2 protein chains.
Amino acid sequence: MTRIGRPRGKTDTRNVILGAARRLFADAGYDKTSVRDVAAAAGVDPAMIRHYFGSKVELFRATMGWPFEPADIAARVTAGDRGGDIGERLTRVFFEAWEQPASRAPLLAILRGAATHEESANLVRQFIQGQVYAHIATALAAPDAELRIDLAMSQLLGIAYLRHILRVEPVASTPVEELIERIAPIVCRHLTP
Amino acid sequence: MTRIGRPRGKTDTRNVILGAARRLFADAGYDKTSVRDVAAAAGVDPAMIRHYFGSKVELFRATMGWPFEPADIAARVTAGDRGGDIGERLTRVFFEAWEQPASRAPLLAILRGAATHEESANLVRQFIQGQVYAHIATALAAPDAELRIDLAMSQLLGIAYLRHILRVEPVASTPVEELIERIAPIVCRHLTP
């Protein structure tokens, strides 16, 4: 039975908010978009957004389909000293995320989506330039910290591309521990002056 | 004026051959597909394929949209000794290709296409596992040469993804010479035991 003109359900409201947020974040940028702007564009009360998503950063994360709590990841990567270990921790967190089917699927969707949709690329770019740098660059304490993070990420994302998108052998079926062993020193070298 | 039933022009024939080749290479694989198979699928004489494309490997390259002569690239990368220089040469050839608009456009199309189309990913995978390994792995003379090539390529493709697809700053506008200086030692380290 098709219901016509039924009242908006929870999923609908959530999706309308996500759609409006995706558009505004991509067009105006994360910094210039307020929860109030998104609420107005979606035709809901700002309280509704806080009810469904919590903070603005959480809303942004949901918009991208990012499957983690950013502060959580940042805490795991930057835990402890500022020394060479940060590269190893970043590599480990990265591979763990990609090896779990529950997080691999959304990560793959982000990597594929950004490759072909300008709006998605825009969101990912803002996520990196905002969230990632903010959380990791301070832990590095290097003047070129952001470029170093880009180079480290390029090594890691490149592996994800070859292993999970192209599925090129032998890297597609190399045991993850061997990859971590080979890649962690490279990521360390990128990150630490 | 719309022309109905006009005889096949040169471009049509070329495109019909390319379409048939793309399908067969993706489905049956490069090794198991002969020029004769492609001719049969396209409904043309094998001589026609040789006329338009030359060899089978040239046909494959055209199918992918690969903008270079593979043997040419291989010669430039593997020229000279087997030492650490191969990483520097590979890095330089890679960045030169991506910095020229004429070759950047088709390379970008391949990177994007493979991210979202299984058939394109399949072609790129065969290109790497066939052409790239064949040309570079022998120059490395290491038992794990193919994995080393994968890791080096992942570093380079990851940069292309961040710089040209996500266009993340600062890596999107870092001068290419600075990138080569930072990346070449990493690619060397991946390639040479």
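Bear in mind that the values here come from a model prediction, so they are computed numbers and not experimental data.

Trainee: Where do I start with the relation of the copies chain A and chain B in this structure?
Mentor: Note that the two copies of the chain are related through a rotation about an axis and a translation along the same axis. Least-squares fitting of chain A to chain B yields an RMSD of 0.0 Å, with the transformation described by 0.0 Å of translation along the axis and a rotation of 180°. As the rotation angle and translation indicate, the two copies are arranged about a two-fold axis. Interface residue correspondence from chain A to chain B reaches 100%, placing this contact among same-surface, isologous pairings.

Trainee: Looking at this structure, how should I read the packing of helix 1 (residues 10-28) of chain A against helix 4 (residues 56-64) of chain A?
Mentor: All names here are of chain A. Contact geometry for helix 1 and helix 4: axes closest at 9 Å, N-to-C directions at 95°. Regarding the angle of helix 1 to helix 4, the classification is roughly perpendicular. Facing helix 1, whose interface residues are Leu18, Ala21, Arg22 and Phe25, helix 4 presents Leu59, Phe60, Ala62 and Thr63. Here the residues of the contact of helix 1 with helix 4 sort into 6 nonpolar, 1 polar and 1 charged.

Trainee: Please explain helix 1 of chain A as it appears in this structure.
Mentor: Residue and element names in this part refer to chain A. The end-to-end C-alpha separation of helix 1 is 27 Å, in line with the 27 Å expected for 19 residues at 1.5 Å each. Along helix 1, the residues classified as buried are Ile17, Ala20, Ala21, Arg22, Leu24, Phe25 and Ala26. Looking at the buried side of helix 1, the elements it contacts are helix 2 (35-42), helix 3 (46-53), helix 4 and helix 8 (118-140). Note on helix 1: the residue one or two positions beyond its end, glycine 29, has a positive phi of about 95°.

Trainee: Would you explain the domain arrangement of chain A in this entry?
Mentor: Bring the parts together and some accessible area is lost; that lost area is often taken as the interface size. Residue and element names in this part refer to chain A. Domains assigned within chain A are domain 1 (10-64) and domain 2 (70-191). A separation of 26 Å is found between the C-alpha centroids of domain 1 and domain 2. Counting residues at the interface gives 9 residues for domain 1 and 9 residues for domain 2. Looking at the side of domain 1 that touches domain 2, the elements with two or more residues in it are helix 1 and helix 4. Among the elements that take part in the side of domain 1 that touches domain 2, helix 4 stands out by supplying 4 residues, more than any other. Taken together, the residues that form the side of domain 1 that touches domain 2 break down as 5 nonpolar, 2 polar and 2 charged.

Trainee: Could you clarify how one ought to interpret the packing of helix 5 (residues 70-78) of chain A against helix 8 of chain A in this entry?
Mentor: A packed helix pair is summarised by two numbers, namely the angle formed by the two axes and the spacing between the axes. Residue and element names in this part refer to chain A. Viewed as axis vectors pointing N to C, helix 5 and helix 8 meet at an angle of 20°, and their least axial separation amounts to 10 Å. With respect to their mutual orientation, helix 5 and helix 8 come out roughly parallel. The element helix 5 and its partner helix 8 pack so that their crossing is right-handed. Where helix 5 approaches helix 8, its residues Pro70, Ala74, Val77 and Thr78 are matched on the opposing element by Gln131, His135, Ile136 and Ala139. Classifying every residue of the contact of helix 5 with helix 8 by side-chain character gives 5 nonpolar, 3 polar and no charged.

Trainee: Looking at this structure, I do not really get the nonpolar core. What am I missing?
Mentor: Soluble globular proteins tend to bury their nonpolar side chains together. Counting residues in each nonpolar core, the largest one holds 104 residues, and the members touching the most others are Tyr161(A) and Tyr161(B). Residues within four places of Tyr161(B) in sequence aside, it is in contact with Ser154(A), Leu157(A), Gly158(A), Tyr161(A), Leu111(B) and Leu166(B).

Trainee: So what exactly am I meant to see when it comes to the environment of Thr13(B) here?
Mentor: All names here are of chain B. Secondary-structure assignment places threonine 13 in helix 1 (residues 10-28). Look at threonine 13 and you get partly exposed, because 17 C-beta atoms sit within 10 Å. Along the primary structure threonine 13 and isoleucine 49 are separated by 36 residues, whereas in three dimensions their C-alpha atoms are 9.4 Å apart.

Trainee: Would you explain the interface of chain A and chain B in this entry?
Mentor: Every contact between the two is made by 32 residues of chain A and, on the other side, 32 residues of chain B. Listing elements by their share of the side of chain A that touches chain B, those giving two or more residues are helix 7 (101-116), helix 8, helix 9 (145-166) and helix 10 (176-191) of chain A. For the side of chain A that touches chain B, the element with the highest residue contribution is helix 9 of chain A, accounting for 14 residues. Here the side of chain A that touches chain B is built from residues that sort into 19 nonpolar, 6 polar and 7 charged.

Trainee: Please explain the environment of Ala152(B) as it appears in this structure.
Mentor: Residue and element names in this part refer to chain B. With respect to the element layout, alanine 152 can be found in helix 9 (residues 145-166). Classification of alanine 152 as buried rests on a count of 26 C-beta atoms within 10 Å. For alanine 152 and threonine 91, which are 61 residues apart along the polypeptide, the C-alpha to C-alpha distance reads 9.0 Å. Not counting residues up to four positions away in its chain, the partners in contact with alanine 152 are Gly87, Leu90, Val187, His190 and Leu191.

Trainee: Any chance you could explain unusual backbone geometry here in plain terms?
Mentor: Negative phi values dominate among residues other than glycine, just as trans dominates among peptide bonds. Along the chain, Glu169(A) connects to Pro170(A) via a cis peptide bond; the corresponding omega equals 10°. Examined against the element boundaries, Pro170(A) turns out to sit in the loop between helix 9 and helix 10. At Ala141(B), a position not held by glycine, the phi torsion is positive, near 55°. Mapping Ala141(B) onto the fold places it in the loop between helix 8 (118-140) and helix 9. The class of Ala141(B) is exposed, set by 10 C-beta atoms lying within 10 Å.

Thresholds, definitions, all that
Residues numbered from 1 in each chain as written. Chains lettered and ligands numbered in written order. Predicted model: local features only at pLDDT ≥ 70, side-chain atom pairs only at ≥ 80, totals over all residues. Least-squares fit on C-alpha atoms with pLDDT ≥ 70 in both. Contact = placed C-beta atoms within 7 Å. Axes fitted to C-alpha atoms, helices over the stretch in contact; angles between N-to-C directions. Helix = DSSP H or I, 4+ residues; strand = E, 2+ residues; numbered from the N terminus. Parallel < 35°, antiparallel > 145°, perpendicular 65-115°, else oblique. Nonpolar A, V, L, I, M, F, W, Y, C, P; charged D, E, K, R; others polar. Expected span 1.5 Å × (residues − 1). Buried ≥ 20, exposed ≤ 12 C-beta atoms within 10 Å, placed from the backbone. Domains from an automatic or database assignment. Left-handed = near helix turned anticlockwise from the far one by under 90°. Core = buried A, V, L, I, M, F, W, Y, C linked by C-beta atoms within 7 Å.

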